[in-house]
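Each chain, written out:
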Amino acid sequence: MCGIVGYIGPREAYPIIIEGLKRLEYRGYDSAGIALFDGKDLKVCKTKGKVVDLEARSDKEITKHGSVGIGHTRWATHGVPNDVNSHPHISNSGDLVIIHNGIIENYESLKKELISRGYTFKSDTDTEVLINLIEDVKKQENVKLGKAVQIALNQVIGAYAIAVFDKNKPEEVVIARLGSPLAVGIGEDEFFIASDASPFLEYTKDAIYLEDEEMAIIRFHKGIKIRKIKDDSLVDPYIQKLKINLEQIEKSGYDHFMLKEIHEQPKAITDTYRGRLLRQEAIIKMAGVEDNMKKFLNADRIIIVACGTSWHAGLVAEYIFEDLARVPVEVEYASEFRYRNPVITEKDVLIAISQSGETADTLAAIKLAKSKGAFVFGVCNVVGSSIARETHAGAYTHAGPEIGVASTKAFTTQITVLTLMALRLARAKGTISSSDFRHHLLELEMIPKKVEEALKSDAHIQKISEIYKDVNNFLYLGRGYNFPVALEGALKLKEISYIHAEGYPAAEMKHGPIALIDENMPIVVIATKKGHYEKVVSNIQEIKSRKGKIIGIVTEGDVQVKELADHVIEVPETLESLSPLLTTIPLQLLSYHIAVMLGKNVDQPRNLAKSVTVE
Ligand code: M6R
């Protein structure tokens, strides 16, 4: 989604904003822009395209000078991606300038009202309406910018993170948030504004994260004042010390963030179970689960809500919670759940899974479940994110920043957390024997080493990718624990290579998809030794008789599938319940290599955003 960067202080704002926008590129965008106050006047430059296009245009069009500025990467919602619709937007007088992430839902009625009062609009955006509404309030009510922003936002329905300034009073920037993240980096007599902390990490580790319905007035030399938008009450700023460093958000020699993140999985999984999985003592320690054990034990069922890859992790969790902890689980797309009047009671536990912790649909599903009295537990990667704050309790995944739009290490670390939770619950319920529990701990502890082994197939997978990179369709099949992995493999391929791919439970093939199979159709079949192996082998035979091209994901040393398949990719042996942590790896690499070979933008695929903060 859109990215926001701003600066107010003694330095030149332009390079800080441009570099900051590049750090936010991972969020997904289609145009970029910047507004600077150069000491005399407001300079605005914006363009459809990437931040490099903005730089090229700025070279020609503006003086890149000034110590106050705001910059934006736009992911189009209202109005096509073009120069005019790009942000920043300027008010009719030319005095006020705004950048905005989110959607103003009632913008049409506000626009009509403003037009009737003589305002004109150049763009199709809701944002241009908002800046003119602020201007109108400022004039009508004869108030300062901060007050005008507050009054205007109280008339607005929707979601926003905004930064606004007035060229006549450039020593002050007003920001506000509702539903879209916004952080302020606090330097020495300087302030950085951004959608997340990555743009200002090299300048300061002190940050304030605005809460929903809060606004801040930031004044050069005078500091920051935070207020509630609704009732104007003052809020004490809570300054956090950030723990992430610059290295974590750089490519560290890899060609793409996605590849780096695929290779980071052994460490990410270890970091996720460190301090929680205590094998020697044969215990699992998870404060969020421990403190709320009664809620889990008394739950009639667990409902899991999530979107995309996180939803796939939820599907894996369904198998493991039911299998080990014998508790009924339902897995729901957050976007459907929130709108279908679901039956939720106080005896339900809802687990919300989200890498970003900002997904609008998941957040709305949480609020709905809370309003019906359910206990809500979050599994998030981004510390301090909206979902992490909105849930009653939770467990972080500790994957570290995930920059590639295609989720990789978030998926495997989500499964790690959910596995730990299921095991802890199973132990508490007595649905797992002590020896089985110990066995699971041992096997889980060995997963990072086994992921390293699985990563060694990279060169082999590259060769397979070369053979199939030009096909138009792929099928992915798996059963049991590996059915969700088939869905995830297909999603990875779709989103970064734009090749059509579908995931199915292998046995469902006979009920329709088998009609698609001919000699041109590559079919990735997850056929590891444990779990329905013989059944999957029969499914492979069915494909073979229809001349489909079989890429088998098999357990090391497999013989049977090797004889039938066109290619096999081996993964080390593990428990069936843990196999998704290994079988996912070759599928991530396959989609990565195909996308690279096709020349696609792997880290920022078209139309996609890293965190989907609009519904
Ligand atoms: O941040 P979240 O985990 O809530 O995001 C959910 C989906 O938007 C996300 O998993 C998306 O499907 C990814 N692009 C998948 O790679």
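Please refer to the structure higher up on the page.
Note that the structure is a prediction, hence the values are computed from the model and not measured. (Residues numbered from 1 in each chain as written. Predicted model: local features only at pLDDT ≥ 70, side-chain atom pairs only at ≥ 80, totals over all residues. Heavy atoms only, no water.)

S.K.: What am I meant to see in the environment of Thr 272 here?
M.R.: Counting through the fold element by element, Thr 272 comes out in helix H7 (residues 265-273). Thr 272 gets classed as buried once you look at its relative accessible area, which sits at 0%. Residues Thr 272 and Thr 413 lie 141 residues apart in sequence; the distance between their C-alpha atoms is 6.4 Å. Dropping the residues within four chain positions of it, Thr 272 is found in contact with Thr 397, His 398, Ala 399, Thr 413, Thr 416, Val 417 and Leu 420. (Helix = DSSP H or I, 4+ residues; strand = E, 2+ residues; numbered from the N terminus. Buried < 20%, exposed > 50% of the residue type's maximum accessible area, 1.4 Å probe, protein only. Contact = heavy atoms within 4.5 Å.)

S.K.: Help me understand the packing of aromatic side chains, please; the structure alone is not making it clear to me.
M.R.: The way to describe two aromatic rings as a pair is by their centre distance and the angle between their planes. Going through the model one piece at a time under the given rule, you end up with 9 aromatic pairs. With a centroid separation of 5.2 Å and an interplanar angle of 55°, the aromatic rings of Tyr 7 and Phe 192 are classed as tilted. Of this pair, Tyr 7 sits in strand S1 (residues 3-8) while Phe 192 sits in strand S10 (residues 191-194), and the two are 185 residues apart along the sequence. Relative to Phe 474, the ring of Tyr 468 lies with its centre 6.4 Å away and its plane at 70°, an arrangement referred to as edge-to-face. Using a relative accessible area of 1% as the deciding quantity, one classes Phe 474 as buried. An aromatic cluster of at least three residues, connected via ring pairs, comprises Tyr 7, Phe 192, Phe 200 and Tyr 203. A cation over an aromatic ring shows up here: Arg 427 above the ring of Phe 437, its NZ or CZ 5.3 Å from the ring centre. Residue placement shows Arg 606 over the ring face of Tyr 498; its charged tip is 3.8 Å from the ring centre. (Phe/Tyr/Trp six-rings, centres within 6.5 Å; stacked < 30°, edge-to-face > 60°. Lys NZ or Arg CZ within 6 Å of the ring centre and 35° of its normal.)

S.K.: It is not clear to me how the pattern of salt bridges should be interpreted in this structure. Could you clarify?
M.R.: The final tally for this structure, using the stated rule, is 45 salt bridges. Of the charged contacts in the structure, one is a salt bridge between Glu 202 and Arg 23, with a shortest N-O distance of 2.8 Å. Residue Glu 202 is found in the loop between S10 and strand S11 (206-209), and its partner Arg 23 is found in helix H1 (residues 13-23); the two are separated by 179 residues along the sequence. For Glu 202, a relative accessible area of 38% corresponds to the partly exposed category. The salt bridge partner of Asp 212 is Arg 177, with a shortest N-O separation of 2.8 Å. Note that Asp 212 is positioned in the loop between S11 and strand S12 (214-219) and Arg 177 in strand S8 (residues 172-178), a separation of 35 residues in sequence. Look at Arg 177 and you get buried, because its relative accessible area is 2%. When salt bridges that share partners are traced, they join Glu 19, Lys 22 and Glu 55 into one network. (Salt bridge = Lys/Arg side-chain N within 4 Å of Asp/Glu carboxyl O.)

S.K.: I'm lost on the sheet that holds strand S4 (residues 68-74) in this one. Help?
M.R.: Remark on secondary structure: sheet strands pair via backbone hydrogen bonds, oriented parallel or antiparallel. Strands sit in the order S3-S2-S4-S1-S10-S9-S11-S15 across an open sheet of 8 strands; the sheet is antiparallel. The sheet is open, and its two edges are formed by strand S3 (42-48) and strand S15 (240-241), each paired on a single side. Strand direction decides the pairing type here: S11 and S15, joined by 2 bridges, are antiparallel. Each residue of the ladder has a partner; that of Asp 206, found in S15, is Lys 241. Here helix H2 (residues 51-61) sits on the sheet and contacts strand S2 (31-37), S3 and S4; the angle it forms with S3, its principal contact strand, is near 140°. (Pairing = 2+ DSSP bridges. Axes fitted to C-alpha atoms, helices over the stretch in contact; angles between N-to-C directions.)

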